[in-house]
Amino acid sequence: MVVSDSLSSDRGTILRVRGPLEFKCHLVSTDARHMLKVISRTFETLKSQVKSESCVLTVCDSPVIIWPNKDVYITPQEITPNAPCDDILKWIQSDEQDPAGLRSAKKKSKKSSAASVINLRLMMEATKTGPLSAPILSRTVQKSHFLSTTFPVDCVVRTTVNETIKDAFERLLKALTHQLCEMEKVTLQHTKGTTLLVPEPLHFLLPEPKGLVTVVYPAGVPDSQLEAQRKELHQQFELPDDWPYFRRANTYHFPNEPYKDGYLRNPHLVLTHPTLDNGKVYLVQGTYSYHHYMQDHTDDNGWGCAYRSLQTICSWFQQQGYVERAVPSHKETQQALVDVGDKKASFVGSRQWIGSIEVQAVLNQLLGVTSKIMFVSQGSELASKGRELANHFLTEGTPIMIGGGVLAHTILGVAWSETSGQIRYLILDPHYTGAEDLQVVTDKV
Amino acid sequence: MGRTYIVEDVVEGYLTKQCEQTAGPVSGLLIGQSSTQREYVVTATRTPQREESTASGGNSPDKEWVTEHARQVSRMLPGGLSVLGVFIVTDTDAKDTLTTLRQLVFAVENLISSERLWTSAEDDVSDRVVLHVNPKTRKTLCRTFDVKDPKSVAKPADWKYQSGVCSSWSTVSCCVSVDVLLPLPDNPTATEDTAKCLKEGLRGWAHQLESAVCLIDGRRLAADAELAGGQKRNVRQTYSAQLLITPDERRLAEGVQRCGGSVSVSGAVYSTAYLHSNKPKARQAEKLLKRDAVSTLTTRAQMLLEELLTSGGASEGSSRDEHQREQFCLPHRVFCPVEASGPVCVCDYRFSDEGLSEVIDRLKEMLDMDAAEKDLDIRRETPAEVLEGDAADEPTVETAEALQSKRNYFGAAMATTVALLATAASMLYLNDV
């Protein structure tokens, strides 16, 4: 089953608005009924703020500002509400990396195979037309409680090709209001006593035609406790139950958004495929992060290659949502081997090399994942395993660790011709000792 | 190269008048705008007479009184206007006078800057002028001191009179809505905590404004862009501004916390700033306007709390409804032009129980201005009114506990700790050193 991890640009651009909304209220009692009433009332205030003429959306990296509730008033006035949404793209300056990952000098956004995202910031206009009444200071002295937090609004709308700004933004406003309703539901559901969980919107990419879907989860609640909610979502969207779509790890990663952990994701995607006669390419499915020598301030130059390959594989399981466990450090890997009785306690903290058998044991111990080991006595035998490797990538889609002698690597894919038997391997090399720079990493290949 | 001061003709006449009166040395303040290239002095005002008999050491002005006057005057200056320095009209020896002037100008600066909720920027001019006029010889001595440098020495400066200095200055203004809600700490001593809470809350609001996106006449201008943008120079311009805010990133506390109540400030303030006509920059306009918005709200809140202290309890303009909520109206802002035909105005704050005559009296006492009621612009803001119907907003708590009448902590605190609160109020907005 293939899950595409990038949106095609057949349909229009994506509008994404983010911004904090302050949520404050004074609770005279912690009686549950009263709290729910006050919280609901505060949400009504937030909704009316978002629907008011003071609600403003500013386009990031651009002078464009839009008032969606004032007949979609836009400044600069050269842009009219009836212009197509894509016109806004012309006003955005960007000197970041383009979707292919290569650094580009300041240039207007060029056509790429991924959909464009217009990032907007939600703000409020503090100024109004006067004259208005001078301020009033109110004081209530009473032993009570105060609730203060900020909600991270994050709302996405996929425009259709040639949709006007007016229509798109009116839809965006509706989506914002809807998100506030969802947030209200989650907040009311998860408010117990004096704890409040912040509702956090996350986006998930479902197979076409459903596309991007936004779900509000209570922040801080682990995936394990949200199973009922996910089951409901799978039913609602008619998705199979055996492939994760709505775990936190499945969150859609927008192009040009940096990853918080700093690791490169899927660096192989920028490479071009080799052409073989009648050859097809079989690649790892989903996302993994690139682990190699010298990362995490660990100097494992010369001995850590299999550990790094193992880390890459573990990252795949985590990012597809199969496990919540973070990628294991070398010590954790070593400890796991001690725990299963494969190594003596002195192994932990050592610089001893491990092989495929150990990797299998660790995957089983730490992730509960079973793996198959395929033996090849000589490198030349690998070519004959083309069909098996191709099949693996088609059905399982995980990266493959290959270890032999004193080296270990990760195979990310094969280009294999059924007719000629020719085969090429896509290798992720854990022996790299440089920085997380996509350009350098792919040039070396 | 010293600073250059371009001074309104009117000020010359005023200083001459001070020379002619014989009651002893006269001190006062010089008011105007600084810019990197030169300074503009728009008006001057003598230190008002103290009510108690002036049997004090005749020739030297009372430092505390002068600085207090400066503090009050500073509150009456909209954005773009500030106290630029101090003058003395005396026939005492020039050297001694210079020393006195130096002390005065540093003291004034310290007091005024301690009240601010905004921090001064790197590019703010820190030179202040001292002017010594000898009434017998009519000689004027003009020097500047750098108030950021405690060891600064007097530098010469040019003092030039000119007519119509501010007649074609630009005005930027807007009406900023305020909606601040804060928890009171969890113990019953009331007013001190209200003051502290308010200070923190207003600091957060000031920070929001400082990072707000500013639009001038509907457009976001580049920081270095000129305000006039290619239009004829020396033609008076009025601009309206818009401010776009997002919630402050730093928050007081997350989640549900116990509190002793809440305090809120809600309404709007009219904010305005003046800019000299020599190629003013958009960035300058934005900075002065935002500072004015913060100052006007801070000043009014402080005035209200001072008023509550002196009137010993609930003021005339307050009302308490059955939900133990007290409401106080902040004074509204009234403007008066400095010269009949110019755009530049000073301002004053009028409480709901005052008439316009009180405003006129204060303008005379503080700024030595002879204003008539018809000169006053009172329509920029409408006076705040407490509506009885507002009680509908408050939660009606059905538990028996809440229905017990609670004592008015505010009144009790007032009666017993006036002296303490007096100190608290005067330290209200001191920056933490």
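Model, not experiment: these values are computed from the prediction.

A. Structural detail: the interface of chain B and chain A. Between chain B and chain A, the contact holds 75 residues from the first and 51 residues from the second. When chain B packs against chain A, close to 5,400 Å² is buried across both sides, 55% of that on carbon and sulfur atoms. Summed over the shared surface of chain B and chain A, the number is two salt bridges. Inspection of the chain B/chain A interface yields 24 residue pairs in polar contact (both at pLDDT 80 or more). The element best represented in the side of chain B that touches chain A is strand E11 (residues 255-275) of chain B, accounting for 15 residues. Tallied by class, the residues present in the side of chain B that touches chain A amount to 37 nonpolar, 20 polar and 18 charged. As paired elements, strand E6 (residues 127-128) of chain A and strand E8 (residues 170-184) of chain B share two bridges and run antiparallel to each other. Bridge pairing links Thr127 of chain A to Val176 of chain B in E8 of chain B.

B. Quick look at a negative patch on the surface. Together, Asp353, Glu358, Asp361 and Glu365 of chain B line one region of the surface with negative charge. You can see Asp353 of chain B is positioned in the loop between strand E15 (345-350) and helix H6 (356-367).

C. Region of the structure containing the nonpolar core. With 140 residues, the main nonpolar core has Leu120, Ile165 and Phe169 of chain A together with Val176, Leu363 and Leu367 of chain B as its most contacted residues. In terms of residues, this core owes the most to one element, helix H5 (residues 282-310) of chain B, which gives eleven residues. Filtering out sequence-adjacent residues up to four positions away, Ile165 of chain A remains in contact with Ile66, Val72, Ile74, Ile79, Thr80, Pro81, Ala83, Pro84, Cys85 and Ile88 of chain A. Membership of the second largest hydrophobic core comes to 42 residues, among which are Tyr288, Tyr307, Val362 and Ala390 of chain A.

D. Up close: the pairing of strand E13 (residues 407-417) of chain A. All names here are of chain A. The element E13 is largely enclosed, with a buried count of nine among its eleven residues. Sheet topology note: the strand E11 (residues 279-283)/E13 ladder contains five bridges and is antiparallel. The partner of Tyr282 across the bridge, within E13, is Val414. The pairing of strand E12 (residues 400-404) with E13 spans five bridges and is classified as antiparallel. Looking at the pairing, Ile402 lines up with His409 of E13. The pairing of E13 with strand E14 (residues 423-428) spans six bridges and is classified as antiparallel. Across the sheet, Trp416 pairs through a bridge with Ile423, a residue of E14.

Each value, and the rule that gives it
- The numbering scheme is per chain: residues are counted from 1 as the chain's sequence reads.
- Chain letters start at A and ligand numbers start at 1, both assigned in the order the entries are written.
- With the structure being a predicted model, the display of local features is reserved for residues of pLDDT at least 70 and the display and counting of side-chain atom pairs for 80 or more, all residues being used for whole-chain, interface and lining totals.
- By convention in this description, side-chain values take in all heavy atoms of the structure and omit both hydrogens and water.
- Residues are treated as being in contact if the distance between any of their heavy atoms lies within 4.5 Å.
- Using a 1.4 Å probe, buried area is obtained as the accessible area two parts lose upon being combined, added over both of them.
- Salt bridges are defined as contacts in which a side-chain nitrogen from Lys or Arg sits within 4 Å of a carboxyl oxygen from Asp or Glu.
- By the criterion applied in these results, polar contacts are pairs of N or O atoms within 3.5 Å in which, for protein atoms, one can donate a hydrogen and the other can accept it, and in which residues neighboring in sequence qualify only through two side-chain atoms.
- The numbering of helices and of strands both runs from the N terminus, where a helix is a DSSP run of H or I of at least 4 residues and a strand a run of E of at least 2.
- Under the grouping applied here, Gly and all other residues not named as nonpolar or charged are polar, the nonpolar ones being Ala, Val, Leu, Ile, Met, Phe, Trp, Tyr, Cys and Pro and the charged ones Asp, Glu, Lys and Arg.
- Strands are treated as partners if at least two bridges between them are detected by DSSP.
- Patch building starts from residues that exceed 30% relative accessible area and form no salt bridge, then joins like charges within 9 Å and nonpolar side chains (Val, Leu, Ile, Met, Phe, Trp, Tyr) within 5 Å.
- Accessible surface is estimated by sampling points in the Shrake-Rupley manner with a 1.4 Å probe; for residues, cover comes only from the protein chains shown.
- The charged-residue count follows a simple rule in which Lys and Arg add positive charge and Asp and Glu add negative charge, with His and chain termini not counted at all.
- By convention, the point assigned to a charge is CZ for Arg, NZ for Lys, CD for Glu and CG for Asp.
- Each nonpolar core is a collection of buried residues, namely Ala, Val, Leu, Ile, Met, Phe, Trp, Tyr and Cys, held together in the definition by side-chain atoms within 4.5 Å.
- Classification of residues uses two cut-offs on accessible area relative to the type maximum, computed with a 1.4 Å probe and protein chains only: under 20% is buried, over 50% is exposed, and between them is partly exposed.

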